[in-house]
Amino acid sequence: MNKLIIPFILILNFICFAGANEKSQELKTVDYVDLNRITGTWYEIARISNFLEKNLVAVTATYTLFPNGDMELLNSGRKLALDGEIRIKKGKAWVIDKKTNAKLRASFI
């Protein structure tokens, strides 16, 4: 069985990095975003699966804008059911396109 692990890892790496060389098409954004209008709590109604929200339901994201333009993100949800344990991830975001405010970068480290 151990003889199969190394070839499996090599194949997996090839698959993961093969798509990395493709030039991705940049998504169109809106012309301008008023950051004050996105502050507050947003309620998730649908999602593309991601590691931050694995096994969570009733997910919310709360954005707080600071005077310097940075933002605090507070993502929360309940584990597996509406009466499940509350899980919270705290992060920060900052504008990467200051001309339009339409692109943010976020970090949950």
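Cut-off values and rules
Residues numbered from 1 in each chain as written. Predicted model: local features only at pLDDT ≥ 70, side-chain atom pairs only at ≥ 80, totals over all residues. Heavy atoms only, no water. Helix = DSSP H or I, 4+ residues; strand = E, 2+ residues; numbered from the N terminus. Polar contact = N/O pair within 3.5 Å; in protein donor to acceptor, adjacent residues only side chain to side chain. Contact = heavy atoms within 4.5 Å. Pairing = 2+ DSSP bridges. Axes fitted to C-alpha atoms, helices over the stretch in contact; angles between N-to-C directions. Salt bridge = Lys/Arg side-chain N within 4 Å of Asp/Glu carboxyl O. Buried < 20%, exposed > 50% of the residue type's maximum accessible area, 1.4 Å probe, protein only. Core = buried A, V, L, I, M, F, W, Y, C linked by side-chain atoms within 4.5 Å.

## Comments concerning the side chain of N101
Here N101 shows up in the loop between β4 (86-95) and β5 (104-107). A polar contact of 3.3 Å, which involves the side chain of N101, links it to the backbone oxygen of V33. Beyond its immediate sequence surroundings of up to four residues, N101 is in contact with Y32, V33, L35 and V95.

## Description of the sheet that holds β5
Read across the sheet, five strands follow the order β1-β2-β3-β4-β5 without closing on themselves; strand pairing throughout is antiparallel. Looking at which strands have only one partner, the edges of the open sheet turn out to be β1 (40-43) and β5. Here the strands of the sheet are splayed against their neighbours by 25° on average, with no regard to which way each runs. Across four bridges, β1 lies against strand β2 (residues 56-65) in antiparallel orientation. Looking across to β2, one finds that T41 is bridged to T62.

## Here's the deal with the pairing of β2
The pairing of β2 with strand β3 (residues 71-79) spans eight bridges and is antiparallel. Bridge assignment links Y63 to a residue of β3, and that residue is L73.

## Comments concerning the pattern of salt bridges
Summed over all chains, the structure comprises four salt bridges. Here E72 and K90 are joined by a salt bridge, their closest N and O atoms 3.4 Å apart. Separated by 18 residues along the polypeptide, E72 in strand β3 and K90 in strand β4 bring together distant segments of the chain. Among the residues examined, E72 registers a relative accessible area of 22% and is labelled partly exposed. Its salt-bridge partner being R87, residue E85 comes within 3.4 Å of it at the nearest N-O pair. Ionic contacts of the salt-bridge type, sharing partners, join the residues E44, R47 and E53 into one network.

## Digging into the side chain of E53
As for its position among the elements, E53 is in the loop between β1 and β2. Sequence-distant contacts of E53, that is, excluding residues within four places in its chain, are made with E44, R47, V59 and N75.

## A look at the pairing of β3
Within a regular strand, side chains alternate between the sheet's two faces. Taking the residues that link successive antiparallel strands as the turn, the β2-β3 hairpin has five residues, and the phi of G69 there is positive, at about 100°. With eight bridges joining them, β3 and β4 adopt antiparallel strand pairing. Counterpart to N75 in the pairing with β4 is K89.

## Quick word on the nonpolar core
Among the nonpolar cores identified, the biggest contains seven residues, and these are V33, L35, I38, M71, L73, A93 and V95. Discounting residues that sit within four places of it in the chain, V33 has contacts with I38, T100, N101 and A102.

Treat this as a map of the structure, not an account of what it does.
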